[in-house]
Amino acid sequence: MDIDSDVLDFLSPDRHTSNQEDDAVHIYFGLIDTLYGLITTNHQNILCNFCSTLDFQSLFHPSEFVREHFHIYASPSIPSCPFCRLVARTLFDDPVVDLRRLQQAHGNAVVRYEIAQEKLGSTGICRLWVSIKIGDVPLGSTLRRAHGIQMLAEEELKGRRVGKTQADLQIMKRWMKECERLHCCDVGTLDKDSHIRVIDVERGCIVDAPEGCRYLALSYVWGRAKTLQLTKATYPQLTQDGGLSTQVPATARDAMHLVKMLGEKYLWVDALCIIQDDKADTSIQISKMDTIYCCAILTIVAAAGNDANAGLPGVHPRSRWIQQVIGEVNGMDLISVQRPYLQALMKSTWSTRGWTFQEKILSARRLIFSDYQVFYQCDHTTWCEDTIFEFDDPSPYHEDPRWPSALAPFGRYMNLVEEYSWRTLSFEKDALDAFTGIFNILKPDLGEFIFGLPETAFHAALLWHFRFGEPAVRRMESNTPNGEVLVLHFPSWSWAGWKNRIEYQRLPVPLDICVTSEVVFHHWNSDGCIHTIPGIGHASTDVEDKMRAHLHHTKSSPDRYPTYLYFFAPSAHFLVDREPLPDQDPEFEPKFFAVRTISGHEATMIPLDGCWRAEKPDFLEFVGVSREAAWVNALLVEWSGDTAYRVCVTKFEQEMWRGAAPTSRFVVLG
């Protein structure tokens with residue numbers, strides 16, 4: 001059967017965008033199914049010369065990896081070989097994978113499918129992952145386990161059919177039941193002092209959560225959608241039976257429906273359970289984020305879409321469209337693989353937002369609705385719709401996103417801060433609020449937090465640095481929901497004061513153990529009292545006198561200055577090169593500059609913005625804040641009036657540091 005090129009062009013996925021109506025997408029895939037069905041019935045399903053040499057039993061259930069990678073030459077037309085056809089169809093719904101255009105764009109280069117085996121669990125069952133090579137160059141968009149093939153059977157670690165337009169509610173119920181029966185997930189219980197509100201999905205209104213009640217929580221992206229919110233004005237209506245019958249955004253509405261279908265009664269949704277225009281209530285509820293998510297029996301994650309109206313794909317009929325490719329090769333039933341957990345969430349908006357980070361970390365169990373399939377994840381396993389993983393704990397794709405048990409408390413803190421710093425916020429003022437639940441969980445081990453830094457490991461926590469390759473950007477102001485611009489007062493010494501992704505240095509000895517300090521930091525508490533963060537030394541009455549003098553000089557009250565650190569510390573000046581070190585990418589900022597002693601010996605190097613460096617003097621000031629074996633940790637600072645601000649952190653060998661003749665100086669670090 002010959003297929004006209006115009007038909008193939010019409011069926012090319014880049015002719016149909018995700019913005020078109022669902023019906024058009026359904027018709028499109030229906031045409032594909034019909035077309036391939038015609039081809040299948042019009043061919044004898046004879047393997048091509050290459051595929052006839054393959055042992056398919058060994059490919060999918062090998063005693064050892066005989067073939068980890070192999071290639072099939074791709075045809076721009078639909079192949080007759082059943083395995084080649086299955087491979088082509090697996091890639092066919094990706095708009096990037098258009099073989100005819102790929103060949104034309106690369107001078108008619110040879111296009112090949114690359115097949116790679118992946119072993120699942122300890123049984124030896126394999127999946128095959130398909131990518132494309134143009135000549136010898138892999139096509140990046142088809143890598144990262146986006147397109148796969150596995151065996152289809154009602155057996156452990158094998159594929160199963162997924163509902164095209166609606167997820168199977170019975171699978172989700174079974175996941176919940178099996179997890180509660182088999183796993184000791186750390187789910188808390190609401191006590192009488194919790195004082196949170198929940199949605200009663202049976203009555204359709206907001207109620208005070210009964211003590212010890214079972215409830216689910218929703219984790220989703222607000223985006224730019226205008227949504228119904230609990231406010232002082234809407235409170236009377238939304239707390240009456242049926243008050244939530246209209247105007248509820250799609251994601252919350254779908255979640256309410258799902259809770260009912262799962263046989264549960266209560267749901268927590270931030271927009272509807274926190275009085276959004278009541279600062280006192282908002283503050284109290286934000287401080288309870290750890291309680292809210294830790295006590296939820298399950299968190300529903302809306303990982304598809306960009307706002308609160310995206311809904312939960314698969315909850316209702318015709319609310320999603322999942323294309324599975326099924327074929328028979330040498331008597332084996334094979335089926336295409338949907339994207340695994342990490343690949344499915346990799347580019348989701350939900351995975352990039354600041355508030356959703358702690359919601360993921362704090363939730364013991366998560367039911368995740370993605371564009372590709374539904375996942376169930378707890379501390380012990382990760383299950384998915386398209387593969388039978390329920391009998392293999394932990395599943396091959398399980399990655400516990402919560403608390404790595406092998407790490408000491410400060411190690412967990414570093415990991416969490418680093419990952420959180422990659423996230424974005426709609427309102428920069430939320431930089432610390434969106435991490436409050438995690439702070440509360442870490443407090444028993446690390447004590448109180450001062451602008452995001454744990455008091456018990458404060459000197460080590462100061463040693464964060466910017467991820468190289470990004471210009472430093474202060475978090476100076478924030479929009480607010482009502483459109484105002486708010487001036488922020490996050491300190492330069494805290495990672496919360498910057499929009500950058502940050503990192504901590506990893507050492508053989510834990511950072512909080514090997515770092516010692518002779519610097520004793522003082523700061524004003526929010527209640528106007530002086531608080532001391534001890535180092536190896538003693539609190540100084542001289543510092544306290546200078547703190548009070550600083551207030552008197554600025555004619556301010558202490559509650560305006562909780563962001564400042566006051567301390568005596570060794571200060572030294574070093575010569576910093578005017579030109580960056582050689583062999584660096586000219587387009588790359590910041591660049592590394594050599595830091596030298598007065599005699600010209602290179603002591604260390606630091607990343608600096610080239611324009612910033614050009615405006616500063618030859619010698620720059622470094623303030624020693626701690627010691628680490630034979631090294632001195634120092635902050636490069638710049639002064640504005642009587643206040644210093646952090647630029648970056650670096651290390652000096654103690655001999656180099658002493659050679660610069662450091663002198664004690666009183667520092668107000670803002």
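Structure first, text after, so check above.
A. Structural context of the overall build of the protein chain. Regarding its fold elements, the protein chain presents 20 helices and 31 strands. Within the protein chain, counting contacts between residues at least 6 apart in sequence, those at least 24 apart form 68% of the total. Carbon and sulfur atoms make up 51% of the accessible area of the protein chain, which amounts to about 30,700 Å² in all.

B. Structural view of helix α8 (residues 250–261). In this model α8 runs 16 Å from its N-terminal to its C-terminal C-alpha over twelve residues, within 8% of the 16 Å that 1.5 Å per residue would give. All buried positions along α8 are accounted for by A250, T251, A252, D254, A255, M256, L258 and V259. One or two steps after α8, the chain reaches G263, where phi turns positive at roughly 80°.

C. Focus on the sheet that holds strand β7 (residues 205–208). With mixed pairing, the eight strands of this open sheet are ordered in space as β7-β6-β9-β8-β10-β13-β14-β15. The sheet is open, and its two borders are formed by β7 and β15 (382–384), each paired with just one other strand. Here the strands of the sheet are splayed against their neighbours by 30° on average, with no regard to which way each runs. Pairing of strand β8 (residues 215–219) with strand β9 (residues 266–268) involves three bridges; the strand directions are parallel. Residue pairing for β9: Y215 is matched across the bridge by Y266.

D. Molecular detail of the packing of aromatic side chains. Tallying each qualifying case throughout the model produces 33 aromatic pairs. Between Y341 and F375, the aromatic rings sit 5.7 Å apart at their centres with planes inclined by 85°, giving edge-to-face as the arrangement. One end of the pair, Y341, is in helix α12 (residues 341–345); the other, F375, is in strand β14 (residues 374–378), and 34 residues separate them in sequence. Take Y341 and F375: they sit in the same class, and that class is buried. Each ring, one from F574 and one from F652, has its centre 4.3 Å from the other, and the planes form 20°; the classification is stacked. You can see F574 sitting in strand β25 (residues 565–576) and its partner F652 sitting in strand β30 (residues 643–653), a full 78 residues away along the chain.

E. Structural view of the packing of helix α13 (residues 354–362) against helix α15 (residues 436–446). Relative orientation of the contacting elements α13 and α15 amounts to 40°, with a least axis distance of 8 Å. The orientation of α13 relative to α15 falls into the category oblique. Within the contact between the two elements, α13 uses F357, Q358, I361 and L362 and α15 uses T436, G437, I438 and I441. A per-class count over the contact of α13 with α15 returns five nonpolar, three polar and no charged.

What counts and how
- Residues numbered from 1 in each chain as written.
- Predicted model: local features only at pLDDT ≥ 70, side-chain atom pairs only at ≥ 80, totals over all residues.
- Heavy atoms only, no water.
- Helix = DSSP H or I, 4+ residues; strand = E, 2+ residues; numbered from the N terminus.
- Contact = heavy atoms within 4.5 Å.
- Areas by Shrake-Rupley, 256 points an atom, 1.4 Å probe, with all protein chains shown as cover.
- Expected span 1.5 Å × (residues − 1).
- Buried < 20%, exposed > 50% of the residue type's maximum accessible area, 1.4 Å probe, protein only.
- Pairing = 2+ DSSP bridges.
- Axes fitted to C-alpha atoms, helices over the stretch in contact; angles between N-to-C directions.
- Phe/Tyr/Trp six-rings, centres within 6.5 Å; stacked < 30°, edge-to-face > 60°.
- Parallel < 35°, antiparallel > 145°, perpendicular 65-115°, else oblique.
- Nonpolar A, V, L, I, M, F, W, Y, C, P; charged D, E, K, R; others polar.

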